[in-house]
Amino acid sequence: MQTEMYPEGKRLDCLVAEKVMMWSRVDEDSPDGKRGCKWLKPDAGKGLYTPGFSSGIAEAWLIVDELAKKGISFQLEVNSVQENDRRMQVVKAVFGRKFAGMANTVPLAICRAALSMVDD
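Residues numbered from 1 in each chain as written. Predicted model: local features only at pLDDT ≥ 70, side-chain atom pairs only at ≥ 80, totals over all residues. Heavy atoms only, no water.

*Asks:* Hey, could you run me through the side chain of S116 in this one?
*Replies:* Its place among the elements puts S116 in helix α3 (residues 106-118). Of note is the side chain of S116, whose polar atom sits 2.8 Å from the backbone oxygen of A113. (Helix = DSSP H or I, 4+ residues; strand = E, 2+ residues; numbered from the N terminus. Polar contact = N/O pair within 3.5 Å; in protein donor to acceptor, adjacent residues only side chain to side chain.)

Here you go:
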C-alpha cells in the first residue's frame, strides 16, 4: 500500500483504528458528523469516537504504545530540509526496522508507518 498517498484526516484515522488498533466499528458517524465513527476496543466495554491519530501527537502515541505492547520497536527521525527559500520538516517513523512512513508531521508519519506494517 502506498501509505504516503493518505492525507491527514478522518479516513486515515478510521483505517488506523480498524487495521492497526484492531478496534471494531459499532456505529456510523457521530450525529454531528464531526467526531467520526464509534469504535469498541477489544479490552473495553464502551465505545469511543475516532481519535485524531493523524493530527494529534497524544493520539498518535497511542499507536506506538499499542505496538510496543506487541514487542514492535519504534524509531523516529526528524530532519529539516531547505528547499529554495523555504525550510521544511521531514519526519520518518519506523516500526520494526522495516515499515516506514514519511510525512511533514510526526502524527501523520506514525500513522503511515503503522499502516504500511499491517498491509505488507
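*Asks:* Help me understand the nonpolar core in this model?
*Replies:* Generally speaking, nonpolar side chains in soluble globular proteins are found buried as a group. In this structure, V16, V20, F53, I63, F95 and I110 are the most contacted members of the largest nonpolar core, which totals 30 residues. Breaking this core down by element, the ones donating at least two residues are α1 (10-20), α2 (57-69), β5 (86-95), β6 (99-103) and α3. If you tally residues by element for this core, the top one is α3, at 9 residues. When sequence neighbours within four positions are dropped, the list of residues in contact with I63 reads V16, V20, M21, F53, F95, I110, C111 and A114. (Core = buried A, V, L, I, M, F, W, Y, C linked by side-chain atoms within 4.5 Å. Buried < 20%, exposed > 50% of the residue type's maximum accessible area, 1.4 Å probe, protein only. Contact = heavy atoms within 4.5 Å.)

*Asks:* Explanation requested: the sheet that holds β6 in the structure shown.
*Replies:* Reading across the sheet, the 3 strands line up as β4-β5-β6 and stay open at both edges, with antiparallel pairing between neighbours. Strand pairing shows two members of the sheet lacking a second neighbour, β4 (74-83) and β6, which therefore form its edges. The sheet shows a mean angle of 20° between the axes of neighbouring strands, direction not considered. In the sheet, β5 pairs with β6 via 5 bridges, with the strands oriented antiparallel. Bridging across to β6, K92 finds its partner in M102. (Pairing = 2+ DSSP bridges. Axes fitted to C-alpha atoms, helices over the stretch in contact; angles between N-to-C directions.)

*Asks:* Mind showing me how you'd approach the pattern of salt bridges here?
*Replies:* Going through the model one piece at a time under the given rule, you end up with 1 salt bridge. A salt bridge links K69 to E66, with the nearest nitrogen and oxygen atoms 3.9 Å apart. Separated by 3 residues within a single helix, K69 and E66 lie in helix α2, roughly one turn from each other. On the accessibility criterion, E66 (21% relative accessible area) is partly exposed. (Salt bridge = Lys/Arg side-chain N within 4 Å of Asp/Glu carboxyl O.)

*Asks:* What is the right way to look at a nonpolar patch on the surface in this model?
*Replies:* A surface patch of nonpolar side chains, about 340 Å² in accessible area, is lined by I57, W61, L76 and V78. Among the secondary structure elements, those contributing two or more residues to the nonpolar patch are α2 and β4. Here W61 is to be found in helix α2. (Patch = residues over 30% accessible without salt bridge, like charges linked within 9 Å, V, L, I, M, F, W, Y side chains within 5 Å. Areas by Shrake-Rupley, 256 points an atom, 1.4 Å probe, with all protein chains shown as cover.)

Keep in mind these values describe shape, not function.
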